[in-house]
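# Descriptive analysis of the structure
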Amino acid sequence: MSENRGKFTRDAAQAYLAHEPEMQVEKISDSIWTISDGNCRTIFMEGQTSVIAFDTFGTPGRARAYKKAVADSIPGKAIKTIIYSHDHLDHCGFAADLSADAEIIADEICAKVIKLRQAEGQSQVTKVLNGSKNEMSIDGCKFTLLNPGPTHGSGNISAWFAEDKILFSSDTVLANAKYGFVPDYHLCNFVKFMRGFLELEWDVFVPGRYGLTDRAGFEKGCDYIEAVQIESQNAFAEFVPIWAFEPMKGYVINKLGERFADLEGFEDHVGQTALRIVHHYLMGGWGLEDTPEPSVLLADEVEL
Ligand SMILES: [Zn+2]
């Protein structure tokens, strides 16, 4: 059996790509479910005649397991719409295995990156969104897609379900400290844009990984990232060897343990998070997305 490969080049990856994990599904409103493979998480909605699925999970096997879980939860309705929360393969890489003929909705920047990436199994975007706010009405479902600017990956969009008071934002603020912040978090504006979502009315936050949280958990998640940013800068002032893992880990555990040790995964992850964040300050960011005016990103470089 040969699976869609994403960007893998070795046959050894087939076992990983084909694995179909057990999915955990939870209904969180009359028309919205959340689903997790034990690590990544997303949502899907029941429309009048079809299903609207956010994201795809990160392998063909996971996409098929997602499809089966949707069919079990909403029998008789096919996935006709897939909305990409951002460009990354571990969340949105395998729409071809989830629903080959669905309409694919994504932000313009996400669509451009996917067009250039040419990853096997990552379906191209068929409906491109522009701007920071799009009011959607799909098959009887009304919700708002928001892109305040770069937070994570390329062309990130969050979904706000005003009536159900639910916010979904993939791979951003977590209810724990279990993320290392590889260069996919755009720190220049990250906390500012994420805190902006607190101006909306919602009670339940669905992150792109791990468990759900509430407004207090979301605020603590923002506080945590901000605190690591502050202590990463202080590390320069105290001449910590910022490129070395153990000294950075020890430094931030000492500084932040009192406030944040209760966050799951704190001790195991805060060191690598800080190591990534100090390099944001060392180098000034990772590209156009880490500038105060990120709207120039790929502005006229790629045609869809
Ligand atoms: Zn991501």
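Along each chain, residues carry numbers from 1 onward, in the same order as the chain's sequence is written. Reporting in this predicted model follows two pLDDT cut-offs: at least 70 for local features of residues, and 80 or more for side-chain atom pairs to be given and counted; totals over whole chains, interfaces and linings ignore these cut-offs and use all residues.

### Remarks on the packing of helix 7 (residues 215–237) against helix 8 (residues 245–260)
One can describe the packing of helix 7 onto helix 8 by two numbers: an axis separation of 10 Å at closest approach and a directional angle of 140°. The angle between helix 7 and helix 8 places the two elements in the oblique class. Crossing of helix 7 against helix 8: the hand is right-handed. Packed against helix 7, whose contacting residues are Tyr 224, Ala 227, Val 228, Glu 231 and Ala 235, the element helix 8 presents Met 248, Tyr 251, Val 252, Lys 255, Leu 256, Arg 259 and Phe 260 at the interface. Amino acids outside the nonpolar list (Ala, Val, Leu, Ile, Met, Phe, Trp, Tyr, Cys, Pro) and the charged list (Asp, Glu, Lys, Arg) are all regarded as polar, and Gly is one of them. Residue classes in the contact of helix 7 with helix 8 are distributed as 9 nonpolar, no polar and 3 charged. Angles here are taken between N-to-C directions and fall from 0 to 180 degrees, while the axes themselves are lines fitted to C-alpha atoms, restricted in helices to the stretch in contact. By the criteria applied, helices consist of DSSP H or I runs no shorter than four residues and strands consist of E runs no shorter than two, each listed in order from the N terminus. Relative orientations are named as follows: roughly parallel for angles under 35 degrees, roughly antiparallel for angles over 145 degrees, roughly perpendicular for angles from 65 to 115 degrees, and oblique for any other angle. The handedness criterion is simple: a crossing whose near helix is rotated anticlockwise from the far helix by less than a right angle is left-handed, and one whose near helix is rotated clockwise is right-handed. By the convention adopted here, residues make contact when the C-beta atoms placed from their backbones lie within 7 Å.

### Remarks on the nonpolar core
For the purposes of this analysis, a nonpolar core is taken to be any set of buried Ala, Val, Leu, Ile, Met, Phe, Trp, Tyr and Cys residues that are connected through C-beta atoms within 7 Å. A residue is called partly exposed when the number of other C-beta atoms within 10 Å of its own lies between 12 and 20, exposed at 12 or fewer, and buried at 20 or more, with C-beta atoms placed from the backbone. Ranked by internal contacts, the top residues of the largest apolar core, which has 73 residues, are Phe 44, Ala 53 and Ile 82. Here the element with the most residues in this core is helix 9 (residues 266–283); it accounts for 6 residues. Excluding residues that lie within four positions of it along the chain, Ala 53 makes contacts with Phe 44, Val 70, Ile 79, Ile 82 and Leu 98.

### With respect to helix 8
For a helix, the expected span equals 1.5 Å multiplied by the number of residues minus one. Between its first and last C-alpha, helix 8 extends only 19 Å over 16 residues, short of the 22 Å set by a 1.5 Å rise per residue. To get the bend at any residue, fit one axis to the seven residues that end at it and another to the seven that begin at it, then take the angle between the two axes. The largest bend in helix 8 is about 40°, located at Asn 254. Of the positions making up helix 8, those classed as buried are Met 248, Tyr 251, Val 252, Lys 255 and Leu 256. On the buried face of helix 8, the contacting elements are helix 7 and helix 9.

### Focus on the pairing of strand 10 (residues 158–161)
Pairing analysis gives 3 bridges linking strand 9 (residues 141–146) to strand 10, with the strands arranged antiparallel. Residue Leu 145 lies in a different strand from strand 10, and its bridge partner there is Ala 159. Here, strands pair whenever DSSP counts at least two bridges between them. Taking the residues that link successive antiparallel strands as the turn, the strand 10-strand 11 (residues 166–169) hairpin has 4 residues, and the phi of Lys 165 there is positive, at about 55°.

### Some details on the sheet that holds strand 11
Picture the strands of a sheet paired through backbone hydrogen bonds; they go either parallel or antiparallel. Ordered by their spatial adjacency, 5 strands build an open sheet running 8-9-10-11-12, and the pairing between neighbours is mixed. Strands at the two margins of the open sheet, each flanked by one partner only, are strand 8 (133–138) and strand 12 (204–207). Shown here is a sheet whose adjacent strand axes are inclined to one another by a mean of 20°, direction ignored.

### Concerning the sheet that holds strand 4 (residues 51–54)
Taken in spatial order, the 7 strands make up an open sheet running 1-2-3-4-5-6-7, and their pairing is mixed. Each edge of the open sheet carries a strand with a single partner, namely strand 1 (24–27) and strand 7 (127–129). Recorded for the sheet is a direction-independent mean angle of 20° between the axes of neighbouring strands. Looking at chain direction, strand 6 (residues 103–107) and strand 7 are connected through 3 bridges and run parallel. By the bridge assignment, Asp 107 is partnered in strand 7 with Leu 129.

### Details of the environment of Phe 197
Within the element layout of this structure, Phe 197 appears in the loop between helix 6 (190–196) and strand 12. Residues Phe 197 and Phe 218, spaced 21 residues apart in sequence, show a C-alpha to C-alpha distance of 9.7 Å.

### Focus: unusual backbone geometry
Phi is positive for Phe 181, close to 55°, though the residue is something other than glycine. Checked against the element boundaries, Phe 181 lands in the loop between strand 11 and helix 6. By C-beta crowding, Phe 181 is classed as buried, having 20 other C-beta atoms within 10 Å.

### Side note on the pairing of strand 3 (residues 41–46)
Of all 6 residues in strand 3, 6 are buried, a share of seventy percent or more. Burial along strand 3 is two-sided: Arg 41, Ile 43 and Met 45 and Thr 42, Phe 44 and Glu 46, pointing in opposite directions, are all buried. Where strand 3 hands over to strand 4, the hairpin turn is made up of 4 residues, counted between the paired strands.

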